[in-house]
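Architecture at a glance
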Amino acid sequence: FLPLLPVTNIHLPMSVPAQAQHFPASTSSILWLLRLEGLAVAVGSAFFYARTGSSWRLFALLWLLPDLGMLGYYAGSRWGARSYNAVHTYLAPAALAAMALIFERNSLLPFALIWFNHIGIDRLLGYCLKSPNAFGITHFSPVRPAVDV
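Residues numbered from 1 in each chain as written. Predicted model: local features only at pLDDT ≥ 70, side-chain atom pairs only at ≥ 80, totals over all residues. Heavy atoms only, no water.

1. Overview of the nonpolar core
With 11 residues, the main nonpolar core is built from Tyr49, Phe59, Trp63, Leu96, Ala97, Ala100, Leu109, Ala112, Leu113, Ile114 and Phe116. By residue number, the principal contributor to this core is helix α5 (residues 109-125), which donates 5 residues. Apart from residues lying up to four places away in sequence, Leu109 is in contact with Ala97, Ala100 and Leu101. (Core = buried A, V, L, I, M, F, W, Y, C linked by side-chain atoms within 4.5 Å. Buried < 20%, exposed > 50% of the residue type's maximum accessible area, 1.4 Å probe, protein only. Helix = DSSP H or I, 4+ residues; strand = E, 2+ residues; numbered from the N terminus. Contact = heavy atoms within 4.5 Å.)

2. So, unusual backbone geometry
Most peptide bonds adopt trans geometry, and most residues besides glycine take a negative phi value. Even without being a glycine, Glu104 presents a positive backbone phi close to 55°. Mapping Glu104 onto the fold places it in the loop between α4 (91-102) and α5.

3. Quick look at the packing of aromatic side chains
Overall, the coordinates contain 5 aromatic pairs when judged by the stated rule. Three or more aromatic residues joined by ring pairs form one cluster here, namely Tyr49, Trp56 and Phe59. In this arrangement the basic side chain of Arg82 is found over the ring face of Trp79, its NZ or CZ atom lying 4.9 Å from the centre. Across the ring face of Tyr90, the terminal group of Arg123 is positioned such that the distance to the ring centre comes to 5.4 Å. (Phe/Tyr/Trp six-rings, centres within 6.5 Å; stacked < 30°, edge-to-face > 60°. Lys NZ or Arg CZ within 6 Å of the ring centre and 35° of its normal.)

4. Some remarks on the environment of Ala46
Structurally, the position occupied by Ala46 is in helix α1 (residues 28-52). The spatial distance from the C-alpha of Ala46 to the C-alpha of Phe59 is 9.4 Å, given a sequence separation of 13 residues. The contacts of Ala46, once residues within four sequence positions are left out, are Trp56 and Asn117.

Printed below as a string of C-alpha cells:
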C-alpha cells in the first residue's frame, strides 16, 4: 500500500505539452503499456464473448452504449466527466461479471464482456478517463485540442 504523493512533484520532459503535465501517464512507455493493456482486455473479452454463444448482432448493437455517458456534458464539463468516467472504468463491468458468475446468471455475462471490450478498445485508441476541465483531456494526455463544453 503506497501513500498518495502530490502530482506536482513529477517533472516531465519539455516535449510533453504543458496541458498534459498533470497527467503522469503521458510519458511514452506508460502510454504503450496502457494501450497494450487495452488491447489485451479487448482481445480477451472478444474471445470470451465468442465462447458465450451470444449474438454478434447484440455485440454490435450494444458496443457504443457506454458512450451515452457523454450525455452528462450537457450539464457541463464536470458532470460530463463524472458520468463518462463512471461508465469507462473496469469496475462496473467487473462487478456485473462477478454478479453473473456468483449468482449463476450467465445471461448477464455477455453484457459485461461487451462493456469490457468497449473500454479496452477506447484505451487502445487513447480515449480514456476525462478531466473535468475539458473533454479532450484524458488521463493519458490530450487526445485532441481541449474544447470547453
